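Below are the chains, spelled out letter by letter.
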Amino acid sequence: MKPVAYLLLGVVLFTLLYRWFSSSDDSRQILTERELIPDFIAEQLTRIVYDEQGQLSELVQAERMEHYDLLGFTQLDRPIFTLLDRAHNLSWQASSRSAVLYPDDKLILDGDVLLQNLVTEALIDRVQTSYLEMSLASEILSTEENVDIFGAGFTISGRGMQASIAEQTIHIEQHYRTDYHNEP
C-alpha cells in the first residue's frame, strides 16, 4: 500500500472516531439539558391530601412548583407547608422563600424560614431561621444556622436546632441569649 493510501485511511479513521466520540458527547449534553428542564410546572399551587379515612393529612401551597423527575426533586417558590398533629389538627405552618422536596419526604426550606405555631395559647409562638431541613415522615426539624424562638413572654436566640413536632421538643445547640418580657 502506498503512503498516500495510508494517509487517506488514517484521515477516514480519524474522522469516524471523531464523529463517534462527538455524537456520544452530544447525547450526554442532551441528557444534561433534559435534566435541567422541569417535567411539569404549576403556578399558584394548592395541594390537599386526605388519608384513607378522609382526614386531612397534608396541605401545601406555593407560588410556583417545578418537578424534575430525572433529578428526583421538586422545587417550590414561596411555599407554605401546613403540618398536622396525630389527631389531624392543624399544628404548625412552615414557610420560606424557596424549598426543595425530595421523594423520601425530606424537605429543605431556604431563605426567611418561619415556623408559625397554629395552636392557640402554646408556649412557643414561632421560630425563625434562614435554613431548615425537615423530615415530614418523622416530623424532625434541624438547622445549623442562627435561630430565634419567640414564645409567650420570652425570646431565645441561638445557633443550631433539633426539634420534634411529635414529641413537642426543641434543643438549641449553641444558646446565645434568652430575653424575658414582662407584658401587662
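Residues numbered from 1 in each chain as written. Predicted model: local features only at pLDDT ≥ 70, side-chain atom pairs only at ≥ 80, totals over all residues. Heavy atoms only, no water.

Enquirer: A description of the layout of surface pockets should follow, citing residues and the corresponding values.
Expert: Taken as a whole, the largest pocket encloses approximately 360 Å³ of empty space. In terms of lining, the largest pocket is formed by 16 residues, of which the most central are Ser-57, Leu-83, Leu-84, Leu-136 and Glu-139. Within the residue set of the lining of the largest pocket, elements represented by two or more residues are β2 (56–68) and β4 (80–84). Sorting elements by how many residues they give to the lining of the largest pocket places β2 first, with 5 residues. Taken together, 15 residues form the lining of the second largest pocket, with Trp-92, Ile-124, Gln-168, Thr-169 and Ile-170 sitting closest to its centre. Counting only elements with at least two residues in the lining of the second largest pocket, the list comes to β7 (106–117), β8 (124–135), β10 (154–164) and β11 (169–180). Among the elements that line the lining of the second largest pocket, the one with the most residues is β10, at 3 residues. (1 Å grid on protein atoms, 1.4 Å probe; cavity = no way out; pocket = protein on both sides within 12 Å on 5 of 7 lines; lining within 4 Å. Points joined across faces, edges and corners; volume = space filled by probe spheres on them. Helix = DSSP H or I, 4+ residues; strand = E, 2+ residues; numbered from the N terminus.)

Enquirer: Describe the pairing of strand β1 (residues 40–50), listing the residues and the values that go with them.
Expert: Across 10 bridges, the pairing between β1 and β2 is antiparallel. Within β2, the position partnered with Glu-43 by the bridge is Arg-64. Counting the residues in the hairpin turn of β1 and β2 gives 5 residues, including Gly-54, whose phi is positive at 85 degrees. (Pairing = 2+ DSSP bridges.)

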